Amino acid sequence: MITRYERIGESVFRKKLANGLELRVVPRPDYARKYAFFATRYGGMDTRFCLNGQWLDTPAGIAHYLEHKMFDTEEGNALQELAKNGAEPNAFTGNAMTGYYFDSTQHFEENLRILLSFVSVPYFTKESVDKEQGIIAQEIRMIEDNPDWRIYHNMVESLYQSNAARTEIAGSVDSIREITAETLYDCHKAFYTPSNMILSVVGDVDPERVEEIAAEILPASGGPEIPRDYGREPEGVGRREFRQTMEVATPQFLAGFKCRPAAEGETWFRQALIGELASDILLGESSPLYLKLYRDGLINSTFGGDYELLPGYACFYAGGDSRDSRAVADAIIKEAARLAAGGIDPDFYERTRRTIYGSYIRSFNSFETIAVSMTEGYFHGYDPFRFPEVFESIAPEDVCAFLRENIAPERCALSEILPGETA
Amino acid sequence: MNTVRKNLADGVFLTCLPAQKFKTCLLSAQFAAPLSRQNAAAYALIPSVLRRGTAHYPDMGALSARLDHLYGARIDDTVRKIGECQCAGFVASFLDDRFAPGGERLLQPVADLLGELLCKPVAENGAFLPAYFDSEKTNLLDAIASIRNDKRLWAGRRLLSEMCAGEPYGLSRLGEESDADALENGAAFGAYLDMLSAAPLEIVYCGSAEPEAVADALRGALSELPRADVRVLPGVLPHAPRADVLRVEDSMDVTQGKLEIGFSCESDDYMALLMGNTLFGGSSNAKLFMNVREKLSLCYYASSAFHRQKKMITVSSGIEFADYQNAFDEIMEQLAAVRRGEFEDWEIDSARSLLLNSYASMGDAQGKLENFYLSRAVAGFDETPETLSEKTRNMTVDRIIDAMRTVRLDTVYFLKGKEAEA
């Protein structure tokens, strides 16, 4: 039950409880902090699903709305309960998960009980649900004014035509008006079952005590598997260009590439690492392309790229501030073709490999990163602590094949934010 | 934590924070200078120009190649405002020797590279390489202009620049746009040479190496640092309370209004003010969150910050334009409640536990440790997380009320939408 990973200096206690809950504990002696992260495989993209044989269409933003309301308890509010013990609780909703967590140096067991209890026991009334509208509407307004989010979301909407990743995680001011206490109870019933969840704890704790507390507080049985509908995504990009004007200082852009989605299992992890390696080799800070574009004044230090995977969805993107985003996008496509045809300089490949190796080991300093990557790994069927082995299985040819297949003009959408007033 | 502080050279100090538990080591070198209109833009520019290349690694490609070989060691150029000081330099992070797959030792090569970046820029004819200077100046101008992209950040900046007009604290860590625009290469190089010789240099190391080994590595790496007439940093004057409240409004093409409020504090009991601020708006259990957000649903965020060296509290919130007066009134009412001592035991317990938690967990994060010990050195404080915890445990309700009674409204800033002008 305890697996040791000598190469990265970690060990993990792992157990699946009788009710289906996945439990992971990463012991960290010498640390004062203790961190617990309790997550469900349910996020902004899970709006259409089948409960008790019936397909339900729920409003955009409901997973996030539910996250806000889960902190309400019959006695009051779990935030205050945790705060009394000096814990710092919070939560977030992603496309494919919702996570609740706290960070504390004292009263760990009591805090863990509170966390498990408020997340597993819903308590909403019509009044409390209505009251949240104003708060979340302001969160949505804040996002609407955020150019980084707008440019990213416009890109996703352009690349994908029907996949549920297009759904705004927080929804819109209009869509959240349709949310009722009853729908929230339905969603909780469907997705907040132990068999759809994972509890990760990092810190100097006794794994067996964590197991005992989880077994005591959570329901004795799990729930059925919930079928979800993420839409049938056609081949091809929906929209090649998306421009929005906002009150910003300089033009910003993201060039997105619609990539082939990954299968679950270790191949998911391997493909994510290939995408990351491809990004650094194509346009990372040491890459010939980055250095040339920086020297020519076409990009600045805001420039960077990333690769992300969701169910039925994969996207490679790069961007930043630029006065000539079309020239940068064209240069990315041209450089990808050059690498795919001529191969990667072996010395440069080795350097880039080392850098990513270092950055992964560094990321295990962070309790949050450990918990979130274990959770993602569990939901998508891989073990993030097998990083050195999986990473070593990747060869330069894999990266070339990735670039050849994915970084092509017909897969590209260019999203731009231009300074100016809303049309 | 057994910290060790060593004087390596004239005005060059090393703070060593020994820790075995991290997978990486942190090494930070920061020049500290009084924040001033005259120098802010130049000092903000210098680290980014230095980061472009050194005598041995003359361009970004060569520097990146070197860092890649050191298992993706990172050396980031940084500019920070700490009180009324501007700290400019580099923060390096690299694998602890235990995790370098080939058994390499990384401290000395990283320290050497840091020393090169500080002391040996690519220069010609008494100036930086023009290509590097010009493009980093453009980047600095873009960074200054981009503050307005993040409306919360921008509104916070506007509040400080209005409230502390004429005080160094009102300046941005990046300098003013017009000053950056007017910067010339020769003058920036002069400011760099002056910084190199006369600005206090604070170095922080956190990792598994012995302090003496770190000191030796740095003595080698900085052997060519020219030092002469090192300056002493001036003290910080608290913000002087204003006789009449200053009210400022801007409008932009936005969907959410940003309300920022500044207060001056008369009391010298900073621990009481810190805890009073925590109760007022410093956490998600504070009065602002519980009332402005949870009770009245007026906002997504409403929080406050205590600026210790300036004896100021600032409040930040995002609201509907039409809710301006409601939100303002409620924020003032919550402050009044704190001053009247209207808080329950759990509120005091939770503010106290929150602060104790943050001090107890500081040793678990290298970045937080670096910022704490750098700030302490620059501000001339001598507290440790342990002594701060002790003071927090001993705090009384009466002291909090006394201190918070000296808090006075000073400046109100509101960023509203264009259509709201009518």
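Residues numbered from 1 in each chain as written. Chains lettered and ligands numbered in written order. Predicted model: local features only at pLDDT ≥ 70, side-chain atom pairs only at ≥ 80, totals over all residues. Heavy atoms only, no water.

Asks: I tried to follow the overall build of chain A on my own but got confused; where do I start?
Replies: The secondary structure content of chain A amounts to 14 helices and 16 strands. Taking 22 Å as the expected radius of gyration for a compact globule of 423 residues, we find that chain A reaches 22 Å, a close match to that expectation. Counting only C-alpha atoms and orienting by the principal axes, one finds that chain A spans roughly 60 × 55 × 40 Å. By residue count, 60% of the 423 residues in chain A fall in the buried class. Put simply, 80% of the contacts in chain A that link residues at least 6 apart link residues at least 24 apart. For chain A, the separation between the mean place of its 43 positive charges and that of its 66 negative charges on side chains is 4 Å. (Helix = DSSP H or I, 4+ residues; strand = E, 2+ residues; numbered from the N terminus. Rg over C-alpha atoms; globule rule 2.2 N^0.38 Å. Buried < 20%, exposed > 50% of the residue type's maximum accessible area, 1.4 Å probe, protein only. Contact = heavy atoms within 4.5 Å. Lys, Arg positive; Asp, Glu negative; His and termini not counted. Charge placed at Lys NZ, Arg CZ, Asp CG, Glu CD.)

Asks: Would you mind showing me how to read the interface of chain A and chain B here?
Replies: A common way to state how big an interface is: give the accessible area lost once the parts meet. Listed as interface residues are 58 residues of chain A and, on the opposing side, 63 residues of chain B. Here chain A meets chain B over a buried area of about 5,400 Å², counting both sides, of which 49% is carbon and sulfur. Linking chain A to chain B there are seven salt bridges. D142 of chain B is the salt-bridge partner of R323 of chain A, the closest N and O atoms lying 3.0 Å from each other. Elements with a contribution of two residues or more to the side of chain A that touches chain B: α2 (78-84), β10 (98-104), α4 (126-144), α9 (288-295) and α11 (346-363) of chain A. (Buried area = accessible area lost by both parts, 1.4 Å probe. Salt bridge = Lys/Arg side-chain N within 4 Å of Asp/Glu carboxyl O.)

Asks: Can you help me understand the packing of helix α10 (residues 325-342) of chain A against helix α14 (residues 396-406) of chain A in this one?
Replies: For any two helices packed against each other, one specifies the crossing angle of their axes together with the interaxial distance. Residue and element names in this part refer to chain A. Orientation of α10 relative to α14, taken along the N-to-C sense of each, is 135°, at an axis distance of 8 Å. As the angle between them shows, α10 and α14 are arranged oblique. Between α10 and α14 lies a crossing whose hand is left-handed. Listed contacts from α14 to A336, L339 and A340 of α10 are C400, L403 and R404. Of the residues that constitute the contact of α10 with α14, the class distribution is five nonpolar, no polar and one charged. (Axes fitted to C-alpha atoms, helices over the stretch in contact; angles between N-to-C directions. Parallel < 35°, antiparallel > 145°, perpendicular 65-115°, else oblique. Left-handed = near helix turned anticlockwise from the far one by under 90°. Nonpolar A, V, L, I, M, F, W, Y, C, P; charged D, E, K, R; others polar.)

Asks: Would you take a moment to explain the environment of W346 of chain B for this structure?
Replies: Looking at where W346 of chain B falls in the secondary structure, it is placed in helix α12 (residues 345-360). The buried category is assigned to W346 of chain B, whose relative accessible area is 18%. Sequence separation between W346 of chain B and N285 of chain B is 61 residues; the distance between their C-alpha atoms is 9.8 Å. Leave out the neighbours within four places in its chain, and W346 of chain B touches Q80 and K84 of chain A together with N285 and M290 of chain B.

Asks: I keep staring at the domain arrangement of chain B and nothing clicks. Help me out?
Replies: Residues and elements named next belong to chain B. For chain B, the assigned domains are domain 1 (4-221) and domain 2 (246-421). The C-alpha centroid of domain 2 is placed 30 Å from the C-alpha centroid of domain 1. Counting each side, the surface lost to burial between domain 1 and domain 2 is near 2,900 Å², with a carbon and sulfur contribution of 70%. When the buried area of domain 1 at its contact with domain 2 is split by residue, R152, L159 and M163 rank highest and sum to 23% of it. Seen at the junction of domain 1 and domain 2, the total is five salt bridges. Taking the shortest distance from any N to any O, the salt bridge between D250 and R158 comes out at 2.7 Å. The set of elements that each furnish at least two residues to the side of domain 1 that touches domain 2 consists of β2 (12-18), β3 (24-34), β4 (74-82), β5 (85-95), α5 (151-163) and β8 (201-207). Counting residues per element, the side of domain 1 that touches domain 2 draws most heavily on α5, at 10 residues. Counted by class, the side of domain 1 that touches domain 2 contains 18 nonpolar, six polar and 11 charged residues. (Domains from an automatic or database assignment.)

Asks: How should the packing of aromatic side chains be read in this particular structure?
Replies: We describe a pair of aromatic rings using the distance from one ring centre to the other and the angle between the two ring planes. Residue and element names in this part refer to chain A. One pass over the structure, following the stated rule, counts 37 aromatic pairs over all chains. With a centroid separation of 5.2 Å and 90° between ring planes, the pair formed by Y307 and F402 is classed as edge-to-face. Residue Y307 is located in strand β14 (residues 304-310), and its partner F402 is located in helix α14; the two are separated by 95 residues in the primary sequence. Classification of F402 as buried rests on a relative accessible area of 7%. (Phe/Tyr/Trp six-rings, centres within 6.5 Å; stacked < 30°, edge-to-face > 60°.)

Asks: In this structure, what is going on with the state of the cysteines? I would like to understand it.
Replies: Two cysteines whose sulfur atoms are joined by a covalent bond form what is called a disulfide. A full pass over the atoms with the stated rule returns zero disulfides over all chains. As a non-bridged cysteine, C50 of chain A has C187 of chain A as the owner of its nearest cysteine sulfur, 13 Å distant. (Disulfide = S-S within 2.5 Å.)

Asks: Is there a simple way to think about the sheet that holds strand β1 (residues 2-5) of chain A in this case?
Replies: Through backbone hydrogen bonds, the strands of a sheet pair up, either in parallel or in antiparallel fashion. Residues and elements named next belong to chain A. The strand order across the open sheet formed by seven strands is β1-β2-β3-β11-β4-β10-β9, and the pairing between neighbours is mixed. Edge positions in the sheet fall to β1 and β9 (88-93), since each of these pairs with one other strand and no more. Strand-to-strand twist of the sheet, defined as the mean angle between neighbouring strand axes without regard to direction, takes the value 15°. Inspection of the sheet shows β9 paired to β10 by six bridges, in the antiparallel sense. Paired with F92 across the strands is G99, a residue of β10. Running at roughly 160° to β10, helix α3 (residues 108-120) makes contact with β4 (34-40), β10 and β11 (197-203) of the sheet. (Pairing = 2+ DSSP bridges.)

Asks: How do you make sense of the environment of R326 of chain A when you look at a structure like this?
Replies: All names here are of chain A. Here R326 is to be found in helix α10. Its relative accessible area of 33% is what places R326 among the partly exposed residues. Through-space distance from the C-alpha of R326 to that of A255 is 8.8 Å; in sequence the pair is 71 residues apart. When near neighbours in sequence (up to four residues on either side) are disregarded, R326 contacts E241 and L414.

Asks: Honestly, the nonpolar core in this entry has me stumped. Any pointers?
Replies: Burial of nonpolar side chains together is a common tendency in soluble globular proteins. Ranked by size, the top nonpolar core spans 200 residues in total, and within it I332 of chain A together with I203 and L259 of chain B carry the most contacts. By residue number, the principal contributor to this core is helix α8 (residues 266-283) of chain A, which donates nine residues. Counting residues in hydrophobic clusters, the runner-up holds 55 residues, among them I136, I140 and L218 of chain A together with F289 of chain B. (Core = buried A, V, L, I, M, F, W, Y, C linked by side-chain atoms within 4.5 Å.)

Asks: Got a minute to help me understand helix α4 (residues 130-146) of chain B in this structure?
Replies: Note: α-helices contain 3.6 residues per turn, so residues at a spacing of three or four share the same orientation. A rise of 1.5 Å per residue sets the reference length of α4 of chain B, with its 17 residues, at 24 Å; its end C-alpha atoms lie 24 Å apart and thus fit the reference within 8%. The element α4 of chain B is largely enclosed, with a buried count of 12 among its 17 residues. Among the residues making up α4 of chain B, those that are buried are Y132, F133, S135, E136, K137, N139, L140, L141, D142, I144, A145 and S146 of chain B. Summarising the contacts, the buried residues of α4 of chain B are in contact with α9 and β15 (313-321) of chain A together with α1 (40-50), β7 (127-128), α6 (177-182) and α7 (185-198) of chain B. (Expected span 1.5 Å × (residues − 1).)

Asks: Even after reading the chapter, I still don't get the sheet that holds strand β16 (residues 412-419) of chain A, so can you show me in this structure?
Replies: All names here are of chain A. Taken in spatial order, the five strands of this open sheet run β12-β16-β13-β15-β14, and their pairing is mixed. The open sheet has two edge strands with one neighbour each: β12 (241-246) and β14. Recorded for the sheet is a direction-independent mean angle of 15° between the axes of neighbouring strands. In this sheet, β15 lies alongside strand β13 (residues 252-258) in antiparallel orientation, the contact comprising seven bridges. Considered in β15, the bridge of F257 is made with F316.

Asks: Is there a simple way to think about the pairing of strand β12 (residues 312-319) of chain B in this case?
Replies: Within a regular strand, side chains alternate between the sheet's two faces. Residues and elements named next belong to chain B. Of all eight residues in β12, eight are buried, a share of seventy percent or more. Burial of β12 is two-sided: the residues M312, T314, S316 and G318 facing one way and the residues I313, V315, S317 and I319 facing the other way are all buried. Both strand β10 (residues 257-265) and β12 contribute to a ladder of eight bridges, which runs antiparallel. In the sheet register, S264 faces β12, and the bridge partner there is M312. One ladder, built from seven bridges, connects strand β11 (residues 299-307) with β12; its direction is antiparallel. Residue pairing for β12: C299 is matched across the bridge by I319. With antiparallel pairing between neighbouring strands as the criterion, β11 and β12 make up a hairpin whose turn holds four residues, including K311 at a positive phi of roughly 50°.

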